[in-house]
Amino acid sequence: MGLTRICKQIFFSVLILTLGSGILTAQKKANFVIVIDAGHGGKDIGARGVVENEKDITLDVALRFGQLIEKNFKDVQVIYTRKTDVFLELWERARIANKNHANLFVSIHCNSAANKSAYGSETFVMGLRRMEENMEVSKRENSVILLEDDQERYQKFDPNDEEAVIAFEIMHSAYLDQSIKYASLVENEFSRGGRSSRGVKQNIFHVLRENASPSVLVELGFISNPDEGTYLSTEKGKQERAESLFQAFKKYKQEYDEKDGRIVMEEKPKEVEKPVAGLTYKIQILVSKNKYAPSAKQLNGLTDVEVVQAGDLYKYYYGNTNLASERDQLLNYAIKKGFKDAFVVEFVNNEKLIGNQNYRIQFLASDKKYRDRDGKFGGLKDVLRIKKGKTNFYYYGTTKTYEDAQKELNYVKSRGFRNAIVVVFDGKKPLE
Ligand SMILES: [Zn+2]
């Protein structure tokens, strides 16, 4: 079928994109974006406190912290993930940071423990080396996922899976140093006031995982502790915490300015590896006559697997990169996840399909025959219907390159068709 020749890849890897945007943003002087994330909210109250609950304390401190920056830094844009008591999914918080090209992401939380005597602040950064005692915190802060509608988005991520952690570490290593820097400044400030600090820790939090910026998760203290819980519920406690966050920010920002915004570039000598020109690597993990949903167990928990149907076979691709080192890491990871026969496929960027061949997006299969522009199509126009046996298959768009097909796919998915896939056509018929 020669599909691997036909196929190619669209986007640079997530890594390249995120690093790239980080550098660009950093180079712009007098333009620093901080995203302040008040943890929890709405139906998700977070931890229960002795006086006040987590979602209310975090919002109050977040607003105070932001106001201090707004008042003192004209060159800093402050963006809040929420300014009121509303529920926000974790990925949405990360999306806000990424969309605004945040230079720093600060997620504010409160701790709680069954042992009422536990107290002290702690600040987390995304990290590889996890300490066992942190797992409880991670479980609690991530437990909001159970309240969210889109379980699928997260279920592939297992914080207990060391390898999954390593894969995500690739994305975050460039920002780890800066994240630790701000985290340390915060804990220094917290302990300055005579209150207890448990220090900087590394952990896995979903809210941090998707962020393409230096990111920290601050636990202001234990609201399950009678003393600390009371303190954090007072005007004084909240103001002091906000001022500590602000003082730490001031120092962080000063250093950022001194380096003239070149922090990201200077601290990443690792990025000397040159991307391979004109090629994108993907890992082919599976070929099957069956179509699996993104969350299917047959994909062994791998995320963002791409599916291309050609003839009666479905090909499953994992990852995409134009870095040789990352290619090898992706392959090793796929093998470790149980795809013993996984191999690297080279996609020629923007290669066009030959002859009349084209890509279309299959987004619906039904025994029902829908009319053009049926409400079922979620606004998709010029839908092609092909009947096979008793089933009607519905297709959207037609493109010559795999890159464009992925754009169409993303569009179709955004209309609610999560399980849509790319199919190779010959003219107006699926490739035999
Ligand atoms: Zn929390």
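Quick note: structure is the one above.
Now for a quick tour of the structure. Note that the coordinates shown come from a computational prediction; the quantities given were computed from them, not determined experimentally. (Residues numbered from 1 in each chain as written. Predicted model: local features only at pLDDT ≥ 70, side-chain atom pairs only at ≥ 80, totals over all residues. Heavy atoms only, no water.)

## Examining the overall build of the protein
- Looking only at helices and strands, the protein features 13 helices and 15 strands.
- If you take every contact in the protein between residues at least 6 apart in sequence, the share linking residues at least 24 apart comes to 81%.
- Here the protein has roughly 19700 Å² of accessible surface; of this, 50% comes from carbon and sulfur atoms. (Helix = DSSP H or I, 4+ residues; strand = E, 2+ residues; numbered from the N terminus. Contact = heavy atoms within 4.5 Å. Areas by Shrake-Rupley, 256 points an atom, 1.4 Å probe, with all protein chains shown as cover.)

## Some thoughts on the packing of helix H3 (residues 54-72) against helix H10 (residues 235-258)
- For the pair H3 and H10, the least separation of the axes is 8 Å and the interaxial angle reads 45°. One element, H3, and the other, H10, form an angle in the oblique class. Of the two possible hands of crossing, H3 and H10 adopt the one that is right-handed. Along its contact with H3, which presents Ile57, Asp60, Val61, Arg64, Phe65, Leu68, Ile69 and Asn72, the element H10 presents Glu235, Lys238, Gln239, Arg241, Ala242, Glu243, Leu245, Phe246 and Phe249.
- Residue composition of the contact of H3 with H10, grouped by class: 9 nonpolar, 2 polar and 6 charged. (Axes fitted to C-alpha atoms, helices over the stretch in contact; angles between N-to-C directions. Parallel < 35°, antiparallel > 145°, perpendicular 65-115°, else oblique. Left-handed = near helix turned anticlockwise from the far one by under 90°. Nonpolar A, V, L, I, M, F, W, Y, C, P; charged D, E, K, R; others polar.)

## Side note on the nonpolar core
- Judged by nonpolar contacts, the single largest core of 40 residues is most densely connected at Ile34, Phe65, Ile69, Tyr182 and Phe249.
- Mapped onto this core, the elements with two or more residues apiece are strand S1 (32-38), H3, strand S2 (76-80), strand S3 (104-111), helix H7 (162-192), strand S6 (215-222) and H10.
- Excluding anything up to four places from it in sequence, Ile34 contacts Phe65, Ile69, Val76, Gln77, Val78, Ile79, Leu104, Val106 and Phe249.
- Core analysis: the next-biggest nonpolar cluster, separate from the first, contains 25 residues, Ala310, Tyr394, Tyr402 and Val412 among them. (Core = buried A, V, L, I, M, F, W, Y, C linked by side-chain atoms within 4.5 Å. Buried < 20%, exposed > 50% of the residue type's maximum accessible area, 1.4 Å probe, protein only.)

## Re the environment of Tyr175
- Its location among the elements puts Tyr175 in helix H7.
- Distance in space between the C-alpha atoms of Tyr175 and Ala212 is 8.0 Å, their sequence separation being 37 residues.

## So, the layout of surface pockets
- Taken as a whole, the second largest pocket spans an internal volume of roughly 280 Å³.
- Lining the second largest pocket are 14 residues, with Gln309, Gly311, Lys388, Tyr395 and Pro430 sitting closest to its centre.
- For the lining of the second largest pocket, the residue count by class is 6 nonpolar, 3 polar and 5 charged. (1 Å grid on protein atoms, 1.4 Å probe; cavity = no way out; pocket = protein on both sides within 12 Å on 5 of 7 lines; lining within 4 Å. Points joined across faces, edges and corners; volume = space filled by probe spheres on them.)

## Looking at the environment of Phe32
- Among the secondary structure elements, Phe32 is positioned in strand S1.
- For Phe32, a relative accessible area of 1% puts it in the buried group.
- On a C-alpha basis, the gap between Phe32 and Gln77 in space is 6.1 Å, while along the polypeptide they are 45 residues apart.
- Residues contacting Phe32, with those up to four places away along its chain left out, are Asp75, Val76, Gln77, Asn103, Leu104, Phe249, Tyr252, Lys253 and Tyr256.

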